[in-house]
Amino acid sequence: MEWQERIRRPEIECMSRDEMLTLQSERLVKQVANVYEHVPFYNRKMKEIGVEPGDIKGVEDIHKLPFTTKEDLRENYPFGLLAVPKSQVARVQGTSGTTGKLTLASYTKHDTEIWGECVARALTMAGLTEEDIIHVCYGYGLFTGGLGLDFGARALGALTIPMSAGNTQRQMMCLEDFGATAMACTPSYALHLAEALEEAGLVDKLKLKAGIFGAEPWTVEMQKEIEERLKINAFDIYGLCEIMGPGVAMECIHHNGLHIFEDHFLPEILNPTTNEAVKDGDTGELVFTTLTKEAMPLIRYRTKDLTSMDRTQCACGRTLPRISKFKGRTDDMKVIRGVNVFPTQIETALLSIQGALPHYLLIVDRENNLDVLTVMVEVDEQYFSDEIRKLDDLKKKIGNVIKQAIGVSVRVKLVEPKSIERSEGKAKRVIDNRNL
Ligand SMILES: [Zn+2]
């Protein structure tokens, strides 16, 4: 009962700025002393730059602390960053990295409880309660999506359906038979499911009212598309396994950014080149310090996710700051003929064009030392049955709109519906054939 109370009472989410700063500062001072004493990596890094725990008196001193990067996690793989004896680690989660090794995160039992609580708070933001039936079709396993949502739905006291990803036919059957009122997966899989449900004539038979989608950057346009097709309210949830998993930030019903649970995760938005804090509203790299994490606390972890911060009052009454939907990851950014291009920019452009479907693939090649970006996109069937001229017009239009959006000419390849492979997890949007 006490657990439920803690989740429901949004007091911690409605504190005054001063109260929150006091809480964060207390937690930060403790955490810094903790990592200095128990994590040799941080002890060494702090000594290298001449910083002692006593120098950190509060949140205002955060800039004195060293950064942590994904490479640091890789070098200390698998258990080099623990702040507790390994016997206290209750769980690991991970994501596959480009080098073949996992990016691994460790959790104590208490860490997993805080995780459940944060996800439950996130679900509460979406208006869900213990009365709801939550169909979790994120993958279960080392990936944090499935189990993270599961912990949260359980902490909330909702009926949890642990579907995991894949097997779309069975997903549809269970959605209908169990009367799920909410579902959670990647936005690209939600779209795939929407397509299959439409074909089966099932959309109107479902009781779905909300969708909790995350684990990949997606645009407002994509959100609207999913909402219309599934007839639900779609929410963006954010997290990363290094920090915790889903439930680091979440949209409330007003959909004007994602509230960060900053009582646990201290955010900074930095200029990725100068490492200086940017003004509220300006875009920069999101950096987190975990204030309460026990097993693997991270100091100033560089997420590589680009966003901006909004500290104005939200209509929901929460004072938790909001980050904008992600522009992309510095990792996803492609430099095409010297211009920075994000897949999300192209997604926004495509979804503004009648006839273009939300399934696309970007292919980057280098021909005669020149970058060539090909945008392959599915278009309505009618364009293939009608006269060729219409298809050519659409192709031209798509090329123009994308060029306006990103400032680079692209090649457009229109394909029939369902030509592009559907994803059951995180969508692959870019194939880069250049050997950079
Ligand atoms: Zn709000």
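Whatever comes next refers back to the structure up there.
Below: a short report on this structure. (Residues numbered from 1 in each chain as written. Predicted model: local features only at pLDDT ≥ 70, side-chain atom pairs only at ≥ 80, totals over all residues. Heavy atoms only, no water.)

On to the overall build of the chain, then. Across its full length, the chain carries twelve helices and 21 strands. In summary, the chain has a C-alpha radius of gyration of 22 Å against a globular reference of 22 Å for 436 residues, a match within 12%. By its C-alpha atoms, the chain is 75 × 55 × 40 Å across when sized along the principal axes. For the chain, with 436 residues in total, the buried portion stands at 56%. Accessible surface for the chain amounts to roughly 19200 Å². Of this, 50% is attributable to carbon and sulfur atoms. (Helix = DSSP H or I, 4+ residues; strand = E, 2+ residues; numbered from the N terminus. Rg over C-alpha atoms; globule rule 2.2 N^0.38 Å. Buried < 20%, exposed > 50% of the residue type's maximum accessible area, 1.4 Å probe, protein only. Areas by Shrake-Rupley, 256 points an atom, 1.4 Å probe, with all protein chains shown as cover.)

Let's shift gears to the sheet that holds strand β10 (residues 265-270). The four strands are arranged β10-β11-β12-β15 in an open sheet whose pairing can be described as antiparallel. Of all strands in the sheet, those bounded by a partner on one side alone are β10 and β15 (328-329). Across four bridges, strand β11 (residues 284-290) lies against strand β12 (residues 301-307) in antiparallel orientation. Across the sheet, the residue bridging to Glu-285 is Leu-306, located in β12. (Pairing = 2+ DSSP bridges.)

Moving on to the sheet that holds strand β20 (residues 411-415). Either a parallel or an antiparallel arrangement is found when strands of a sheet pair, and the pairing is made through backbone hydrogen bonds. A sheet is described by the order of its strands in space; here four strands give the open sequence β20-β19-β18-β21, paired in mixed fashion. Every other strand in the sheet has two partners, leaving β20 and β21 (430-432) as the edge strands with one partner each. Neighbour-to-neighbour, the strand axes of this sheet turn through a mean angle of 20 degrees, independent of strand direction. Each of β18 (356-367), β19 (370-379) and β20 is contacted by helix α12 (residues 388-406), which is oriented at about 135 degrees to β20, the strand it contacts most. (Axes fitted to C-alpha atoms, helices over the stretch in contact; angles between N-to-C directions. Contact = heavy atoms within 4.5 Å.)

This paragraph deals with the pairing of strand β6 (residues 210-214). The element β6 is largely enclosed, with a buried count of five among its five residues. Here β6 shows a buried face lined by Ala-210, Ile-212 and Gly-214 and a second buried face lined by Gly-211 and Phe-213. In this sheet, β6 lies alongside strand β5 (residues 182-185) in parallel orientation, the contact comprising four bridges. Residue Ala-184 lies in a different strand from β6, and its bridge partner there is Ile-212. Handedness of the β-α-β unit built from β5, helix α8 (residues 187-199) and β6 comes out right-handed. As paired strands, β6 and strand β7 (residues 233-240) are joined by five bridges and run parallel to one another. Across the sheet, Gly-211 pairs through a bridge with Ala-234, a residue of β7. With helix α9 (residues 220-230) bridging β6 and the parallel β7, this β-α-β connection has right-handed handedness. (Right-handed = clockwise from strand over helix to strand, strands pointing away.)

In this section: the packing of α9 against helix α10 (residues 343-351). Each packed pair of helices is defined by two parameters, the angle between the axes and the distance between the axes. At a minimum axis separation of 8 Å, α9 and α10 run at an interaxial angle of 50 degrees. By the angle between their axes, α9 is oblique relative to α10. Two secondary-structure elements touch here, α9 through Glu-221, Met-222 and Glu-225 and α10 through Glu-347, Thr-348 and Leu-351. Looking at the contact of α9 with α10 residue by residue, the class counts come to two nonpolar, one polar and three charged. (Parallel < 35°, antiparallel > 145°, perpendicular 65-115°, else oblique. Nonpolar A, V, L, I, M, F, W, Y, C, P; charged D, E, K, R; others polar.)

Right, let's get into the coordination of the zinc ion. Four donors placed tetrahedrally around a metal ideally meet at 109.5 degrees, and six donors placed octahedrally ideally meet at 90 or 180 degrees. Surrounding the zinc ion are the protein donor atoms Cys-252 (SG), His-259 (NE2), Cys-314 (SG) and Cys-316 (SG), at 2.1 to 2.3 Å. For the zinc ion, the four donor atoms are set out with angles of 103 to 116 degrees between them, so the coordination reads as tetrahedral. Each donor residue of the zinc ion belongs to the same chain, with the gaps between them written as C-x6-H-x54-C-x1-C. With His-259 in strand β9 (residues 258-260) and Cys-316 in the loop between β13 (309-310) and β14 (322-323), this residue pair connects regions lying 57 residues apart in the sequence. The exposure class assigned to His-259 is buried, which follows from its relative accessible area of 0%. Relative accessible area serves as the criterion here: at 25%, Cys-316 is assigned to the partly exposed category. (Donors = N, O, S within 2.8 Å, 3.2 Å for Na, K, Ca; no water. Tetrahedral: all angles 85-135°; square planar, octahedral: opposite > 155°, others 65-115°.)

Pairing between side chains of opposite charge can happen when the charged atoms of each approach one another. Applying the stated criterion to the full structure yields 29 salt bridges. Taking the shortest distance from any N to any O, the salt bridge between Arg-121 and Glu-13 comes out at 2.6 Å. In this pair, Arg-121 sits in helix α5 (residues 109-125) while Glu-13 sits in the loop between α1 (2-8) and α2 (17-38), placing the two residues 108 residues apart along the sequence. Judged by relative accessible area, which is 3%, Arg-121 ranks as buried. Judged by relative accessible area, which is 3%, Glu-13 ranks as buried. Within the structure, one salt-bridge network assembled from shared partners comprises Lys-334, Arg-366, Asp-371, Asp-432 and Arg-434. (Salt bridge = Lys/Arg side-chain N within 4 Å of Asp/Glu carboxyl O.)

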